[in-house]
Amino acid sequence: MPLLRIDDIHLSFGGVKAINGVSINVEKAGIHAIIGPNGAGKTSIFNCISSVYKPQRGAVYFEDRKVTGMKPDHVTHLGIARTFQNIALFHHMTVLDNLMLGRHQFMKRGILTGGIFLGPARTEEIENRKAVEDIIDFLEIENIRKKPVGTLAYGLRKRVELGRALALKPKLLLLDEPMAGMNLEEKEDMARFIIDINEEWGVTILLIEHDLGVVMDISHRVSVLDFGVKISEGAPAEVANDPHVIKAYIGEDDDFLRDMEAR
Amino acid sequence: MKEILKTYDTFPKLLVRNAETFGDRKVAMREKEFGIWQEFSWKEYHDHVKYFSLGMVSLGLQAGDKVAIIGDNRPEWVWGEVAAQAVGAVPLGLYQDSTLKEVSYIIDHSDASFVLAEDQEQVDKILDMKEQLPKVRYIIYSDPRGMRGYKQPFLIDFKEVENFGRELEQRDPGLFAKNVGATKYEDLAFICYTSGTTGFPKGAMLSFRNFLSMAANLMEVDNKFEKDEFVSFLPLAWIGEQMMCLSSALLTGFTVNFPEKPETVQENIREIGPTIMFSPPRIWENMTSTVQVKVMDASALKRRMYTWALPVGYAYSDAVFRKEAIPPLLRLKQRLAYALVFRALKDRLGLLRIRSASTGGAALGPDVFKFFNAMGVNLKQIYGQTEISGISCIHREGDINFDSVGKPIPETEIRLSDSGEILSRSPSVFIGYYKNPEETEKTLSGGWLHSGDAGYFTADGQLIVIDRVKDVMHLNDATRFSPQFIENKLKFSPYIKECVCLGNQRDFIASMICIDYPNVGKWAESRRLSYTTYTDLAAKPEVLELLAKEVEKVNVTLPETTRVKKFVPLYKELDADDDELTRTRKVRRAFVGDRYKHVIEGIYAGEDAIPIDATIKYQDGKTSRIKTTLCVRNL
């Protein structure tokens, strides 16, 4: 049984068909990538998974439970966390506070006990802080723990956002272009973190990424979308040689073609 | 202290004693992890050493074997060292930023059969060279992060080794005590590899006697107490850190604190508020330039307070150094300056609780000295070599002279050879260089340790070190000068990171300068000067003028004959990875002279611009080519 099952979803905005009957199975404990040209519907799929959008037809199932139609916050409770293409953090808050906020669903105590900060509320805070410190250690961001996110470099913010998603202790992590706008070194670091999250923490990863070098190196399985339709799926090597994929990218991006041929 | 040494005369014995005396009641070590200072009592310290030591025994470690240790400052580093000593094996340290070549040379030369590596990064270095290191039997790592994919049978987790130790303890309960009891005062305790400014590293063999007599003698003139706090952030392979973290800490029982990450050192120092500190000049130099730069960024009021307070501090500390009576008005001003500025500054630097601060390893410019003393940090100069377990001279309390390195510590004799070289003799003089009898013979000829430094004594018995004998230079008109002296003055400028003075058998003194990238970068930004790389910034005409002003400032304080007449900003920083500096950041003059030969020839040939076409090598082996032109500035 796949961890996540996207079953024939259709999504349109007025006359625009963003997703036109896409089915993807994400297996447990793998790294699955979704690629495709701009406007292929990749982020829309993410929004359907986290139930921000409701597809007109079809549904998304997580651990065999229907996610479609749930409130987005319920979806996170099931164990799905995500990062965004354009970083979604509180810029005036410190790294630590942002990560602590990521633990919100594990904080059950009310305003009153929390305000007095005694007994259970205190224990709860300590537990959450411990979980957050594990993430800080894992992502090697000890030195910026107390810095406001707004003062950090772009690559570091991306890392913090990844940490914020990890704070939810997800079973499935959705990464929307985790390496966009990074330099080579930052990309290498990020790839390392993604592999470690997958292998050491056992988190299943579904990612959207434009850097095909990275995608081909770290993913176990790749799905290719074009104009809201899945045109290919398989292991990275298979996808790279699929004539449909090459065709989808022709005229749009010659670099991609050359990249593919080189492999 | 010397009483204790009669019964407990080795590191393992002292550890056992401390575990008995302090038990769980006193903190021996702290390590910041997961945002919290995790504490280890003397009992825990002892237990880790015990089980790790027995664990290595069960893996076949024997007395006389060598154990190489590489990694950042962590409790495991120290545990591993004492654990090896408890077996009668000999530990040795490697600088954590060593290149592959250095790592494999030292591991091979030392005949190490066990390697204790901190993490994946260090393990990878050794695995890369494993084929050339047939003598290595086990590699033990203390941080398992990222190691899940490594299946080699000779790779073992630190905790696993401790478990082996626990099993051995069950089978043979008295073994550890027996092993510790067998360690002797005269035993070889540690091999300290000195990077040296010339040639391959040499392994100085130091005994427990060397380490402990030095620590005890130093304490007679610069005491340390059980309650002291120390932050360990300099490489543990360095003699200074060995002296503090091992010999002094074991002897007195003070607490050693390990920072969370190399990047968080400054923050962690502030959290701990250490009472004792011993660092090489570069740390103090960095602190001064940080302060100077931060002040430039501060509000106008703060800036004004600072510019008013600093001369007051200088005047006050000058009066103290000259041992003059302090005028009441100056005393009052100093109090005010302290309350308004210095106290806050000290707090920011984490130096508020400092009781004893010292600098050693190389000469510190007098300006940096004055700066700290003006602030109320009684920074003292220490002098010594690895070969004399680190220290032979220190400034005495209330008797600080900027130019001198103080007086010899007890049981230490210092005299000058006919050629003016500093010679010393003490119970702390090392046994010899490992597998290098010729160098040992040369260094210890006549029963005295030859330092290679030129110096003299002042009338009141303070030692003054001029420079390395071989570094003292002569101009063509026979004027003698110490390049290091001028360089230290130049390096006081926040914009100058490193520099090399030239002029031996030339007509005048010239200097090659490396800009301080962050500080000059900031200066450029505040003037809306755009730049791309270090090379680009260093070549800006505005930067050239900035440097010229800084050099002029220094020239005023120098005698007419030894002023810097020309300088050129270099296109890259001098780097230990390029063999231009030693790992303790001393300039390798001969190498630099050779490498920048055409730059130097260009300067003395009177050229205004020198074309550069060079290849830079990065730590990971990548190279890139630089093409630029260096401008020579005349003064």
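None of the values given here were measured: they were computed from a predicted structure. (Residues numbered from 1 in each chain as written. Chains lettered and ligands numbered in written order. Predicted model: local features only at pLDDT ≥ 70, side-chain atom pairs only at ≥ 80, totals over all residues.)

Q: Looking at this structure, how should I read the overall build of chain B?
A: Looking only at helices and strands, one finds 22 helices and 29 strands in chain B. The C-alpha radius of gyration of chain B comes to 25 Å, within 12% of the 26 Å expected for a compact globule of 635 residues. Expressed as lengths along the three principal axes of its C-alpha atoms, the size of chain B is roughly 75 × 60 × 55 Å. In chain B, which comprises 635 residues, the proportion classed as buried is 47%. In chain B, the share of contacts with a sequence separation of at least 24, taken over all contacts with a separation of at least 6, comes to 66%. (Helix = DSSP H or I, 4+ residues; strand = E, 2+ residues; numbered from the N terminus. Rg over C-alpha atoms; globule rule 2.2 N^0.38 Å. Buried ≥ 20, exposed ≤ 12 C-beta atoms within 10 Å, placed from the backbone. Contact = placed C-beta atoms within 7 Å.)

Q: So what exactly am I meant to see when it comes to the interface of chain B and chain A here?
A: Often the size quoted for an interface is simply the accessible area lost on bringing the parts together. Tallying the contact residues gives eight residues for chain B and 11 residues for chain A. Considering only residue class, the side of chain B that touches chain A consists of one nonpolar, three polar and four charged. (Nonpolar A, V, L, I, M, F, W, Y, C, P; charged D, E, K, R; others polar.)

Q: I'm lost on the sheet that holds strand 2 (residues 16-26) of chain A in this one. Help?
A: Within a sheet, neighbouring strands are paired by backbone hydrogen bonds and run either parallel or antiparallel to one another. All names here are of chain A. Taken in spatial order, the four strands of this open sheet run 2-1-4-5, and their pairing is antiparallel. Of all the strands in the sheet, just strand 2 and strand 5 (65-66) have a single pairing partner and so form its edges. Inspection of the sheet shows strand 1 (residues 4-13) paired to strand 4 (residues 57-62) by five bridges, in the antiparallel sense. In the sheet register, Ile-6 faces strand 4, and the bridge partner there is Val-60. (Pairing = 2+ DSSP bridges.)

Q: Honestly, the domain arrangement of chain A in this entry has me stumped. Any pointers?
A: When its domains are assigned, chain A resolves into domain 1 (1-71 + 203-263) and domain 2 (89-153). In this structure, domain 1 of chain A and domain 2 of chain A have C-alpha centres spaced 33 Å apart. (Domains from an automatic or database assignment.)

Q: Just to check I follow, could you spell out the packing of helix 3 (residues 95-102) of chain A against helix 5 (residues 120-139) of chain A for this structure?
A: When two helices pack together, their arrangement is given by the angle between their axes and by how far apart the axes lie. Residue and element names in this part refer to chain A. In contact at an axis separation of 10 Å, helix 3 and helix 5 are set at 120 degrees when each is read in the N-to-C sense. Classed by the angle they form, the pair helix 3 and helix 5 counts as oblique. Regarding helix 3 and helix 5, the two cross each other, and that crossing is right-handed. Residue-level inspection shows Leu-96, Leu-99 and Met-100 of helix 3 in contact with helix 5, the latter providing Asn-128, Val-132 and Ile-135. For the contact of helix 3 with helix 5, a count of residues per class yields five nonpolar, one polar and no charged. (Axes fitted to C-alpha atoms, helices over the stretch in contact; angles between N-to-C directions. Parallel < 35°, antiparallel > 145°, perpendicular 65-115°, else oblique. Left-handed = near helix turned anticlockwise from the far one by under 90°.)

Q: How should the pairing of strand 1 of chain A be read in this particular structure?
A: Remember that side chains alternate between the two faces of the sheet whenever the strand is regular. Where strand 1 of chain A and strand 2 of chain A come together, eight bridges link them in antiparallel fashion. Within strand 2 of chain A, the position partnered with Phe13(A) by the bridge is Val16(A).

Q: Please clarify how the sheet that holds strand 20 (residues 449-457) of chain B should be interpreted in this entry.
A: All names here are of chain B. With antiparallel pairing, the four strands of this open sheet are ordered in space as 17-18-20-21. In this open sheet, the two edge strands, each paired with only one partner strand, are strand 17 (413-416) and strand 21 (463-468). Neighbour-to-neighbour, the strand axes of this sheet turn through a mean angle of 50 degrees, independent of strand direction. Pairing between strand 18 (residues 421-425) and strand 20: three bridges, direction antiparallel. For Glu-421, the partnering residue across the bridge sits in strand 20 and is Ala-454.

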